[in-house]
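Topology and contacts: notes
Spelled out from the first residue to the last, the chains are:
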Amino acid sequence: MPKQKIKSLKARAVAIDMEEGVVNEILKGPLRDVFDCQQLITDVSGSGNNWATGFMTYGQQYREQISEVIRHAAELCDCLQCFFLIHSMGGGTGSGLGTSVLNLLADEYPDVYRFTTAVYPSADDDVITSPYNSVLAMHQLTEHADCVLPIEKPGSSGHMQQNHQLIKADPKHSLYLACALMLRGNVEISDIRRNIERLKPSLHFIHWNQEGWKTGLCSVPPVGPPYSLLALANNTCIRHTFQDLKDRFMKLYKRKAHVHHYTHVDGMEVSQFDSSVESLNSLISEYDALEAHMGRVVDDIQRLTIA
């Protein structure tokens, strides 16, 4: 892409991190001109991998500023339809402040509240706060696990590489509720339809949504490769992520390990951990109930016909 076009193009994105070094890496990278510096919110000290600090402290301290920056970005949209939020399930800013942002969006944009939320585990060991994060965001989190499905093109010996998956899970062995394929570049509609038909027999879709595919195609290719694919799968495989999260949390919480790091933050109480586990159990049970429909087939439904 020509340099002058990159300078004129601005990403409709708000980047938030209480550790300024993370966002500074963006400003040093090749796409630094794409991001509007007025939509980058940082601090110096960071949240210290502490959910309570991110939610209770920075969530309150930066709420007005975050609200204003999001409002400015939203006003630039011709037709605001959703928010796409990417945050971690651990840490302080990603999970703690991330949950605060979720609540802010729910309060200030109720008409576009059912937005897509992608969550991914952090590499750190801050699992003790994660169940609480999952509970507070539970009503916002849909069963989205980001994955990439292979798309083959006629005459090609290979397919798109399955990489950049945000959650370590295998959706092919779980139940799909819906799947969106967002493609860019040298791809035809016939390619998409042919690949969907190829994939159907190997994927398990919920019985009431066997045709739950949504596709989007942009003819402008990404920088570098001739085409790219993003698959957003509404899939029950994320249930295993929450179960693992709970198991690791309980090992620490039974020993009350690290609890004092969170309860010393104003507003955080031990009882909130207990209620969080109960809500997380309920969330996991909902996924179990969905997976119980695996393999279920419904009779053909008589549809309306036009004479």
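Here the residue numbers are simple positions, counted from 1 along each chain's written sequence. The predicted origin of the model limits local features to residues at a pLDDT of at least 70 and limits the giving and counting of side-chain atom pairs to 80 or more, whereas totals for whole chains, interfaces and linings rest on all residues. Values reported for side chains reflect all heavy atoms of the structure, with hydrogen atoms and water molecules removed beforehand.

As named in an unreviewed UniProt entry, the protein chain is Tubulin epsilon chain, taken from Desmophyllum pertusum. UniProt lists a comment for the protein chain under the heading Sequence similarities (unreviewed entry), and it reads "Belongs to the tubulin family." UniProt positions are given in the numbering used here, feature names are shortened, and annotations may be inferred rather than shown by experiment.

Here we come to the confidence of the model for the protein chain. Each residue gets a pLDDT score, which is the predictor's confidence in that residue and runs from 0 to 100. Summary statistics for the protein chain give a mean pLDDT of 77 and a share of 77% for residues scoring 70 or more. Residue contacts are defined here by distance: any two heavy atoms, one from each residue, within 4.5 Å place the two residues in contact. Every residue in residues 123-149 is under pLDDT 50, and counting partners more than four places away or in other chains gives 112 contacts. In the predicted structure, residues 155-161 sits below a pLDDT of 50 and forms 11 contacts with residues beyond four places in sequence or in another chain.

Attention now moves to helix α7 (residues 189-199). Each full turn of the α-helix corresponds to 3.6 residues, which orients residues three or four apart in the same direction. Any residue under 20% of the maximum accessible area for its type is buried, any over 50% is exposed, and the rest in between are partly exposed; the area is computed with a 1.4 Å probe on protein chains only. Working definition: helices are DSSP H or I runs of at least four residues, strands are E runs of at least two. Numbering for both runs from the N terminus. Three or more residues of α7 are buried, namely Asp 191, Ile 192, Asn 195, Ile 196 and Leu 199. Down the axis of α7, the buried set is contained in an arc of 130 degrees. They therefore lie on one face. Where the residues of α7 are buried, they touch β6 (175-185) and β8 (213-218). As used here, the arc belongs to the directions running from the helix axis to the C-beta atoms.

In this structure, Asp 17 sits in strand β1 (residues 15-17). Only four residue types enter the charge count, namely Lys and Arg as positive and Asp and Glu as negative; His and the chain termini do not. Any carboxyl oxygen of Asp or Glu that lies within 4 Å of a side-chain nitrogen of Lys or Arg is treated as forming a salt bridge with it. In this structure Asp 17 is buried but unpaired, with Lys 28 as the nearest side chain of opposite charge at 14 Å. For this analysis, a polar contact is any N or O atom pair within 3.5 Å, provided that within protein one partner can donate a hydrogen and the other can accept it, and provided that sequence-adjacent residues contribute only side-chain to side-chain pairs. Separated by 2.8 Å, the side chain of Asp 17 and the backbone nitrogen of Glu 19 make a polar contact. With near-sequence residues (within four places) excluded, Asp 17 lies in contact with Val 22, Val 23, Ile 41, Thr 42, Asp 43 and Thr 93.

One can expect most non-glycine residues to show negative phi and most peptide bonds to be in trans. In this structure, Asn 49 is a non-glycine residue whose phi angle is positive, near 55 degrees. Along the chain, the position of Asn 49 falls in the loop between β2 (40-42) and α3 (51-61). Despite not being glycine, His 258 shows a phi value in the positive range, around 70 degrees. Its location among the elements puts His 258 in the loop between α8 (238-253) and α9 (259-263).

Another point: the packing of helix α4 (residues 63-75) against helix α5 (residues 93-108). To obtain each axis, a line is fitted to C-alpha atoms, and for helices this fit is confined to the stretch in contact; angles are then taken between N-to-C directions over 0 to 180 degrees. Between α4 and α5, the shortest axis-to-axis distance is 11 Å and the interhelical angle comes to 60 degrees. Taken together, the axes of α4 and α5 are oblique relative to one another. Crossing of α4 over α5 shows right-handed handedness. For the pair α4 and α5, contact is made by Arg 63, Ile 66, Ser 67 and Ile 70 and by Leu 97, Ser 100, Val 101, Leu 104, Leu 105, Asp 107 and Glu 108, respectively. When grouped by side-chain class, the residues that make up the contact of α4 with α5 number six nonpolar, two polar and three charged. When describing relative orientation, an angle under 35 degrees is termed roughly parallel and one over 145 degrees roughly antiparallel, while 65 to 115 degrees is termed roughly perpendicular and anything else oblique. In a left-handed crossing the near helix is turned counterclockwise from the far helix by less than a right angle, and in a right-handed crossing that turn is clockwise. In this classification, Asp, Glu, Lys and Arg are treated as charged, Ala, Val, Leu, Ile, Met, Phe, Trp, Tyr, Cys and Pro as nonpolar, and every other residue, Gly included, as polar.

Counting residues in hydrophobic clusters, the biggest one holds 17 residues, and the most contacted among them are Ile 66, Ile 70, Leu 105 and Tyr 109. Elements with a minimum of two residues in this core: α4 and α5. For this core, the element with the highest residue contribution is α5, accounting for five residues. Among buried residues, the Ala, Val, Leu, Ile, Met, Phe, Trp, Tyr and Cys ones that are joined through side-chain atoms within 4.5 Å form a nonpolar core. Listed in part, the 15 residues of the second largest apolar core include Phe 205, Trp 213, Ala 231 and Ala 233.

What follows covers α3. When you tally the buried positions in α3, you get eight out of 11 residues, the bulk of the element. Every buried residue of α3 is accounted for by Trp 51, Ala 52, Thr 53, Gly 54, Phe 55, Met 56, Tyr 58 and Gly 59. One side-chain oxygen at the N-terminal end of α3 lies 2.9 Å from the backbone nitrogen of Ala 52; it belongs to Asn 50.

It is worth spelling out the environment of Val 44 at this point. Looking at where Val 44 falls in the secondary structure, it is placed in the loop between β2 and α3. Discounting residues that sit within four places of it in the chain, Val 44 has contacts with Met 18, Glu 19 and Glu 20.

Moving on to the pairing of strand β9 (residues 227-235). Within β9, seven of the nine residues are buried, leaving the element largely enclosed by the surrounding structure. Looking at chain direction, β6 and β9 are connected through nine bridges and run antiparallel. Following the sheet pairing, Arg 184 is matched in β9 by Ser 228. The criterion for strand pairing is that DSSP finds at least two bridges linking the strands in question.

Counted according to the given criterion, the structure contains eight salt bridges. Glu 75 is paired through a salt bridge with Arg 71; the nearest N and O atoms lie 2.4 Å apart. Taken as a pair, Glu 75 and Arg 71 lie in helix α4 at a separation of four residues, close to a single helical turn. Classification of Arg 71 by relative accessible area gives partly exposed; the value is 31%. Salt bridges linked by common partners bring Glu 68, Arg 71 and Glu 75 together as one network.

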